[in-house]
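Structure at a glance
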Amino acid sequence: MNNSFYSNTVINQPDVQKAIHPSLNLNFNRAWFNELQQRINQNGPWDQWSMYQLALEAKQATLINSFDELLCLRSLPGFEPMQHQLDTAKRVLHEMGGRAILADEVGLGKTIEAGLILKEYIVRGLVKKALILVPASLVLQWVRELNTKFGIQAVAQRKSHSWGYDIVVASLDTAKREPHRETVLATDYDLIIIDEAHKLKNKKTTNYQFAVQLSKKYCLLLTATPIQNDLDELFNLISLLKPGQLGAQGEFNSNYVVDKRLPKNEDQLQDVLSSIMIRNRRGDGGIHFTKRIVRNINLQLSPEEQSLYDAVTNFVQQQARQDGIDISSILSLVTLQREVCSSRDAVFLTLVNMFKKTSEDSPLRPKIWELVECIRAITSNTKAEKALEIIEQCNDKVILFTEYRATQEYLLQFFSKHNIAAVPYRGGMNRGKKDWMMDLFRGKARVLIATEAGGEGINLQFCNNMINFDLPWNPMRVEQRIGRVHRLGQTQDVNIFNLCTVNTIEEHILHLLHEKINLFELVIGELDHIIERIEASNGSIEQQLAKAILRGADPHTLTNEINSIGEVFTSYQQEKNLR
Amino acid sequence: MRSTASVRCSHPTSRRKTYDRGVVMNTKQIYRYVQRYLDATQCTILDKSPHHIKVKLSPEADRELTNRPYYWSFIDRLNETPETMSFLFIFDEEKYKQLADTQALQEQQETIVAADKALERTLGIVAKPIMRVPQEILHFGSNRLQQLFQSTERNGSYVCLYEEPQQRALHPYASRPYTAWLAINYIVEFSCDRKREELHSLGISLVTGHCVENFHERLQNIRLSPRIPPNVHIAKNGISHNKALSIAEAHLERKLKGYSYDWAVEAQSRLAEELARLDSFYAPLLQQAEEEQKQEIAALQEKRKEEIRWQYEPRVTASVINCGIFHLDGID
């Protein structure tokens, strides 16, 4: 090119703004022009014509044509979200300005909704830097899901330098601690997602204090446990997203609150809430679940087991009557009874610990030791044998839940003795091990033995048989267990086996959960509400049950006591039907 | 420039018809695109069918696509011959599988060859290690295609080209006049908490200052070369590059002034509403707070305000995807 055609003086052009509307400027970016002039002056280097064309075609293909189309779907050919998930994503993107509480019931795919929203913002170039805060046990699952389902290159936070990546998944507990805290708080995030956000409902916790300090453009809070029952907590959560949406604290109290748990102007409150919170329920139309087939298997304890159970029950009753006893000791005493129903290993461990804790001259010591002696007589586990039978019969993958670590260990041994490949899963495992166990279960292992701590957040749609080796007392936790296998994506009907020893407290608990609450067959959307209502008056459901058990020394009184707890459920459902 | 509306068609191989995904590039178009990219970067095609391309990357493409800066800095420093990576790009997974199955027999024989080689190695005959060829499915939205897009953006920004004459000059001394054009491909972003984009391809004649739209479309029908053809002379520029720039910007400005900005007005009223809401939330807090807490609360309030502005403030930005000087036949 002949230079003389062009002027040699390069004047760097600064970016300019031109008004195109009374309140809007058009910004011209001019860095390109200065670069072009430079190249003209030096006659190059010039790029290829074909590259130039390809670059423009790439832009045409990825152009964002409209404000409110869901563009991310075209980038996700193999992925078919459910209608309610799409609707939720659209509402958050188009009506809520990208700040919302996603409060679907367990198993409806809050993660998918959050993933869709994140992906859409990324595709539109509105989000580059995102932070996803989740419980430690869910970090890898989130990373995997974002990568495989959404093609989002998310990174699990492991080292300090991980914060430099664009999309980081980290545990809230790590992020809020130094030295991470400083890095995280110094970053402006285009989007922050907080999973299990009910952990943020108390204003005084370090979690909350940390969350308030975060700097963000868009924000999604995910929680399955509703917060509508405690209005203060609701207020706190919303103040993270949109301070003032419910008015200042004072206005909120006078407008909506009669009592801590009793709202007034409920319709109006619901109205305001619906502008910031989306809650899909299983009962809503269009969401299809497979059936739950529940079998309660009643088992007679062996004479040895029964005599241990009786001995422990006696001991518990005596202890409970003797001292002016506090509720936490009641709970641990009743736990003994529950443990006998699970395995001798479980109760043994607790008794030994109890023995160690009591002083050497305590009259308790010989009594405890007597019980330990009783354990020696037991040679087999009635439930374990039944479980084995079920597993052998169904000839498919089975997930077995137990409350106790010792039972878990025992079952691992027991199954391996019978040539059944079983792997454990529990809350205390580190992420890598949990992942490994999941992979084993997906692959060779037949049985996954999970303790309660492992119950949250793991997805096991590929398995449709579940054994409740023992039952938690809190219906919510039972529902969470079931939710692991009975969720969207489950194609088979789900078989639930409840192992229940007759003439023990287990029988009563199962009666409450199954007959009274109808927990296993009905999918109760408002379970969480009901439980909060029960707990509002008399302490946690576990505590109420423990007290009932101690009061009801004979089976008949106990049945009455437990029925009265069940009444709350029945009346709630009646109320609902009336509405 | 092809209008985006005309290329909007659904995925031909997709069996899913549940909802319109608005796919803008179908499998065939992606195939063509990748092939042109590989050609432009001088990669070696090892094997191909309508459903796949097996390719050994050129050093240039390897640097762009494989994300191995350490390897390349090592090669550069030691002046070694690089061993570039090979890829198997699959465009239609199902059809490729069918194809691969029919070729399975052939590949079995190849494994025997590989086994022979393994034997040779144990006998001390060292062959070059067999490089594993990663397989990738390139669909719209896949990370690899995204990477290709970004690579073209980096490497197709500034061009200087000449139109090739339709026919040879009749007379050796005859000379055709050419006009230099400044081509600018603008991308205009309209954004608040949501976003929309538009492409504007402008061409400004440096002879007359005349500005035309859809300039890229016009270029598509012309054969272009980086070299000035013989028997051609370039007309004297009547206007400076700076002048051309202001003509282009004025043109775009005039055009955008005619748009509706309801979305921006809405965003601004949302913003004002949110800011007022923040004040109503923090005012009583500030009133009740102790002196030493006040600063902290005020800082938090300011932070929240910043976030809201960041979220809702409407913006319109014109940036340039690429640009160039095009010397075209004739004076206009």
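Everything quoted here is computed from the prediction, not taken from an experiment. (Residues numbered from 1 in each chain as written. Chains lettered and ligands numbered in written order. Predicted model: local features only at pLDDT ≥ 70, side-chain atom pairs only at ≥ 80, totals over all residues. Heavy atoms only, no water.)

**What to know about the sheet that holds strand 3 (residues 86–90) of chain B**
Residue and element names in this part refer to chain B.
- Pairing in this open sheet of four strands is mixed, and the strands run 1-2-3-4 from one edge to the other. Each of the sheet's edge strands pairs with one partner strand only, and the pair in question is strand 1 (44–49) and strand 4 (135–137). Each adjacent strand pair in this sheet contributes to an overall mean axis angle of 20 degrees, direction not counted.
- Strands in contact with helix 5 (residues 93–102) are strand 1, strand 2 (52–56), strand 3 and strand 4; relative to strand 3, the strand with the most contacts, it is inclined by about 115 degrees. (Pairing = 2+ DSSP bridges. Helix = DSSP H or I, 4+ residues; strand = E, 2+ residues; numbered from the N terminus. Axes fitted to C-alpha atoms, helices over the stretch in contact; angles between N-to-C directions. Contact = heavy atoms within 4.5 Å.)

**Here we look at the confidence of the model for chain A**
- For chain A, the average pLDDT comes to 84, and 89% of its residues sit at 70 or higher.
- In the predicted structure, residues 1–7 of chain A sits below a pLDDT of 50 and forms 16 contacts with residues beyond four places in sequence or in another chain. (pLDDT = per-residue confidence, 0-100.)

**Some details on the domain arrangement of chain B**
Residues and elements named next belong to chain B.
- According to the domain assignment, chain B consists of domain 1 (17–155), domain 2 (158–261 + 316–329) and domain 3 (262–313).
- Distance between the C-alpha centres of domain 2 and domain 3: 46 Å.
- Counting residues at the interface gives seven residues for domain 2, matched by nine residues for domain 3.
- Both faces considered, domain 2 and domain 3 share a buried interface measuring about 690 Å² in area, 51% of it formed by carbon and sulfur atoms.
- Its largest share of buried area at the contact with domain 3, domain 2 owes to Cys192, Asp193 and Tyr261, together 68% of the area lost on that side.
- For the pair domain 2 and domain 3, the number of links is one salt bridge.
- The shortest N-O distance in the salt bridge between Asp193 and Arg270 comes to 2.9 Å. (Domains from an automatic or database assignment. Buried area = accessible area lost by both parts, 1.4 Å probe. Salt bridge = Lys/Arg side-chain N within 4 Å of Asp/Glu carboxyl O.)

**Things to note about the pairing of strand 2 of chain B**
All names here are of chain B.
- Note that strand 1 and strand 2 share five bridges and pair antiparallel. By the bridge assignment for strand 2, Lys48 is matched with Ile53.
- Connecting the antiparallel pair strand 1 and strand 2 is a turn made up of two residues.
- Pairing analysis gives five bridges linking strand 2 to strand 3, with the strands arranged antiparallel. Note on strand 3: the bridge partner recorded for Val55 is Phe87.

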